[in-house]
Amino acid sequence: MPKQTNLIVRSPAFLYREAKKVFELHCEQVPLAKLAARFGTPAYVYSTQAAQFRFKALDQAFDRVPHTLCYSVKANSNLSLLRLLHKMGSGFDVVSGGELERVAQVGRRALQNTVFSGVGKTADEMDTALRAGILMFNLESESEMRLLAERAHRVKKKAPVAFRVNPDVVAETHPYISTGLREHKFGVPMADALRLYSAAAEQCWLEVRGISVHIGSQITSVQPFGEAMARVAELARELLNRGHAIRYIDSGGGLGICYGNGQGVEQELSVTAAAYAQALIGPLRGLDVHLLLEPGRSIVGPAGVLLTRVLYLKKNGEKRFAVVDAAMNDLLRPSLYNAYHEIVPVERRDGTGTAKVDIVGPICETGDFFARDRKMPSLEEGDLLAILDAGAYGMSLASNYNSRPRPVELLVQGKKVKVVRKRESIKGLIAYEK
Ligand SMILES: *Cc1c(COP(=O)(O)O)cnc(C)c1O
């Protein structure tokens, strides 16, 4: 067994281990190079241990109050990951009929701890969710409320509801993933909430159950969470005074992770989680409610890497490029949000020098990049790279642009590896077409 080194890469699940003067990046006990040789690249590799550790750390931070983590399926919707989290007691947050079906596949019981979010639920999706007996619909408009009441009547199942309120707080994150401002499409205005709850209470096929809020994603300060919760708690008190049975407060997701060049986020997670819990629980003091949380990224983000191989090195004038076999269709975050991902060589050879390089994919778009002017140890064609913290919004945002089959997904546990999604085939891609 190779010696473990203290060169932690982001999360203890991904470590360099030394064997004969070479430092090889592992996922748990498995060398990534071995996975690349066996399953090809690009490949998503997830660590069971990391996902479990992170779920537990978040869950324990909220121990002092009745709560349920409803993992946000859109962060990574792989069935094996959902099953893993379900086994640990996770509920789910879904935003489409497709995600709801995934939860149903994981287990009927999982549906009872599932909340349905999203601004544009269709009648069909509502019917399916009603029949499935989910925990709560998070409503985002008056029209949606009326449609749901109608569907509930038709299906003869009372619909448990909350309104997702828009708390109008500033969450410092990328504008595309900030959702809690008045100018955003999400939620109903605070000022309309009392009227909407009264209107919902008059509908005999709706059962008011809670209030929900979600202010955005990749939020790295706990302050906006606290501010939003203070507003929600105030509303909850007002609604309770008026006789509405507010039993659940759904605080949404959005806790950020560290994508930067830091070390050992895993050790810090308990600290972050404690501060996060404090910010959310504080304003709820004196309220007899069950807290729901919808974490996505904070659980699976650091638990996954995208493994890719350098195809070509080239120079255009002074600029150096490493063309790799993964592309924006596999991991869209750099192109979409200009997001930073740490990229490390799978095999570290010490003392080879460094150079600034753009790490780009083969797609015909200038936006197809993973890093620009990134200082990297000097690379060679054929080298393997690991794009870190790619477990969330990686595969779930992947597409088939340029007719590229999506990568294989591998789940590691100790020394064991499972293919949890096969690499797509070109034949499969075109099978839908005439
Ligand atoms: C995307 C989303 C989440 C998850 O956000 P993370 O940043 O991944 O924690 C939770 N709730 C809702 C309503 C969402 O849209």
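It should be noted that the structure appears before, not after, this text.
Scoring rules and cut-offs
Starting afresh in each chain, residues are numbered from 1 along the sequence in its written order. Residues qualify for local features only when their pLDDT is at least 70, as the model is predicted, and side-chain atom pairs are given and counted only at 80 or more; totals for whole chains, interfaces and linings, by contrast, use all residues. Processing note: side-chain calculations cover all non-hydrogen atoms of the structure and skip hydrogens and water entirely. Only DSSP runs of H or I with at least four residues qualify as helices, and only runs of E with at least two residues qualify as strands; both kinds are numbered from the N terminus onward. As defined in this context, the radius of gyration uses C-alpha atoms, and a globule is described by 2.2 Å times the residue total to the power 0.38. Note on classification: 1.4 Å probe, protein chains only; a residue is buried when its accessible area is under 20% of the maximum for its type, exposed when over 50%, partly exposed between these limits. Any two residues having at least one pair of non-hydrogen atoms within 4.5 Å are treated as being in contact. Only four residue types enter the tally: Lys and Arg on the positive side, Asp and Glu on the negative side; His and the chain ends are excluded. Working definition for charges: the position is that of NZ of Lys, CZ of Arg, CG of Asp or CD of Glu. Exposure above 30% relative accessible area and the lack of any salt bridge qualify a residue for a patch; like charges then connect within 9 Å, and the nonpolar side chains Val, Leu, Ile, Met, Phe, Trp and Tyr within 5 Å. Values of accessible area rely on a 1.4 Å probe in the Shrake-Rupley scheme; residue burial ignores everything except the protein chains shown. Salt bridge, as applied in this entry: a Lys or Arg side-chain nitrogen positioned within 4 Å of an Asp or Glu carboxyl oxygen. When we say a residue is near a molecule or strand, we mean one of its heavy atoms is within 4 Å of it. N or O atoms within 3.5 Å of each other form a polar contact, as long as, within protein, one can give a hydrogen and the other can take it, and as long as residues adjacent in sequence are counted only when both atoms are side-chain atoms. Among the buried residues, those of types Ala, Val, Leu, Ile, Met, Phe, Trp, Tyr and Cys that are joined through side-chain atoms within 4.5 Å form a nonpolar core. Axis definition: a line fit to C-alpha positions, over the contact stretch in the case of helices; interaxial angles, taken between N-to-C directions, run 0 to 180 degrees. Orientation categories follow fixed angle ranges, with anything under 35 degrees roughly parallel, anything over 145 roughly antiparallel, 65 to 115 roughly perpendicular, and all other angles oblique. Left-handed describes a crossing whose near helix is turned anticlockwise from the far helix through less than a right angle; right-handed describes the clockwise counterpart. Three residue categories are used. Nonpolar comprises Ala, Val, Leu, Ile, Met, Phe, Trp, Tyr, Cys and Pro, charged comprises Asp, Glu, Lys and Arg, and polar comprises the others, including Gly. By definition, disulfides here are pairs of cysteine sulfur atoms that lie within 2.5 Å. By this rule the span expected of a helix is its residue count minus one, scaled by 1.5 Å.

Help me understand the overall build of the chain, please; the structure alone is not making it clear to me.
In terms of helices and strands, the chain carries 13 helices and 23 strands. Relative to the compact-globule value of 22 Å for 434 residues, the chain shows a C-alpha radius of gyration of 23 Å, a close match. Burial analysis of the chain (434 residues in total) assigns 57% to the buried set. Considering only contacts in the chain between residues 6 or more positions apart, those separated by 24 or more positions represent 69%. Within the chain, one finds 57 positive and 46 negative side-chain charges whose respective centroids are separated by 5 Å.

Is there a simple way to think about a positive patch on the surface in this case?
On the surface, a cluster of positive charge is made up of Arg-83, Lys-87, Lys-416 and Lys-418. Broken down by secondary-structure element, the contributors of at least two residues to the positive patch are helix H3 (79–87) and strand E23 (416–421). Residue placement: Lys-416 occurs in strand E23. According to the relative accessible area criterion, Lys-416 is exposed, its value standing at 58%.

Explanation requested: unusual backbone geometry in the structure shown.
Cis rather than trans, the peptide bond between Thr-41 and Pro-42 has omega equal to -5°. If you trace the backbone, Pro-42 turns up in the loop between helix H1 (32–39) and strand E5 (43–47). For Glu-28, which is not glycine, the phi dihedral falls at a positive 50°. Inspection of the secondary structure assignment puts Glu-28 in the loop between strand E3 (22–27) and strand E4 (30–31). Residue Glu-28 is classed as buried on the basis of its relative accessible area, which comes to 5%. Positive phi, close to 55°, is recorded for Asp-168, a residue that is not glycine. Residue position: Asp-168 is located in the loop between strand E10 (159–166) and strand E11 (188–189).

Which parts of the structure should I look at to understand the site of the ligand?
Close to the ligand lie 15 residues; Lys-74, Ser-217, Glu-294, Arg-297 and Tyr-393 are nearest. Gly-254 is positioned such that a nitrogen or oxygen atom in its backbone is 2.8 Å from an oxygen atom of the ligand. Here Glu-294 contributes a side-chain N or O atom positioned 2.5 Å from a nitrogen atom of the ligand.

Got a minute to help me understand the nonpolar core in this structure?
In summary, soluble globular proteins display a tendency toward joint burial of nonpolar side chains. Residues Phe-62, Phe-137, Leu-148 and Ile-211 are the most contacted members of the largest nonpolar core, which totals 74 residues. By residue number, the principal contributor to this core is helix H9 (residues 223–241), which donates 8 residues. The contacts of Ile-211, once residues within four sequence positions are left out, are Ala-162, Phe-163, Val-165, Tyr-197, Val-232, Leu-235, Ala-236, Leu-239, Ile-246, Tyr-248, Ile-249 and Asp-250. One finds Val-45, Ala-51, Val-357 and Leu-410 within the second-largest nonpolar core, a separate group that totals 50 residues.

Which parts of the structure should I look at to understand the pattern of salt bridges?
Here the idea is simple: oppositely charged side chains can pair when their charged atoms come close. Within this structure, the stated rule accounts for 14 salt bridges. The salt bridge partner of Arg-404 is Asp-330, with a shortest N-O separation of 2.9 Å. Placement of Arg-404 in the loop between strand E21 (384–387) and strand E22 (408–413) and of Asp-330 in the loop between strand E16 (319–324) and helix H12 (333–337) is noted, with a sequence separation of 74 residues between them. A relative accessible area of 0% means that Asp-330 is categorised as buried. Look at the salt bridges and you will find they share partners, linking Glu-142, Arg-146 and Arg-195 into a network.

Sorry if this is basic, but what is going on with the environment of Thr-128 here?
When you line up the elements, Thr-128 lands in helix H6 (residues 123–132). In sequence terms Thr-128 and Leu-100 are 28 residues apart; their C-alpha atoms lie 8.4 Å from each other. At 2.9 Å, the side chain of Thr-128 and the backbone oxygen of Asp-124 are in polar contact.

Quick question: what am I supposed to make of the packing of H6 against helix H7 (residues 142–155) here?
Helix-helix packing is described using two parameters, namely the angle between the two axes and the distance between the axes. Viewed as axis vectors pointing N to C, H6 and H7 meet at an angle of 55°, and their least axial separation amounts to 10 Å. Relative to H7, the element H6 lies oblique. Every pair of crossing elements has a handedness; the one defined by H6 and H7 is right-handed. Across from Ala-123, Met-126, Asp-127, Leu-130 and Arg-131 in H6, the residues of H7 making contact are Glu-144, Leu-147, Leu-148, Arg-151, Ala-152 and Val-155. Across the contact of H6 with H7, the residue classes break down as 7 nonpolar, no polar and 4 charged.

Sorry if this is basic, but what is going on with the side chain of Arg-17 here?
Position of Arg-17 relative to the elements: it lies in strand E2 (residues 14–19). Within the buried set, Arg-17 has no salt-bridge partner at all; the shortest N-O distance to an opposite charge, 8.0 Å, is to Glu-28. Polar contacts involving the side chain of Arg-17 include one to the main-chain carbonyl oxygen of Glu-28, which spans 2.9 Å.

Help me understand the state of the cysteines in this model?
Here a disulfide denotes a covalent bond joining the sulfur atom of one cysteine to the sulfur atom of another. Taken as a whole, this structure holds 0 disulfides when the rule is applied. Cysteine Cys-27 is unpaired, with the sulfur of Cys-258 as its nearest cysteine sulfur at 19 Å.

Got a minute to help me understand the environment of Arg-406 in this structure?
Tracing the chain through its elements places Arg-406 in the loop between E21 and E22. For the pair Arg-406 and Asp-288, spaced 118 residues apart in sequence, the C-alpha to C-alpha distance is 46 Å. Those residues in contact with Arg-406 that sit more than four places away from it in its chain are Met-395, Ala-398, Ser-399, Asn-400, Arg-421, Arg-423 and Glu-424. A polar contact is formed between the side chain of Arg-406 and the side chain of Glu-424, at a distance of 2.8 Å.

I would appreciate a short explanation of helix H2 (residues 48–61) in the present structure.
An α-helical turn contains 3.6 residues, so any two residues separated by three or four positions project in the same direction. Compared with the 20 Å implied by 1.5 Å per residue over 14 residues, the 20 Å span of H2 between its first and last C-alpha is a close match. With a side-chain oxygen lying 3.4 Å from the backbone nitrogen of Gln-49, the N-terminal cap of H2 falls on Ser-47.

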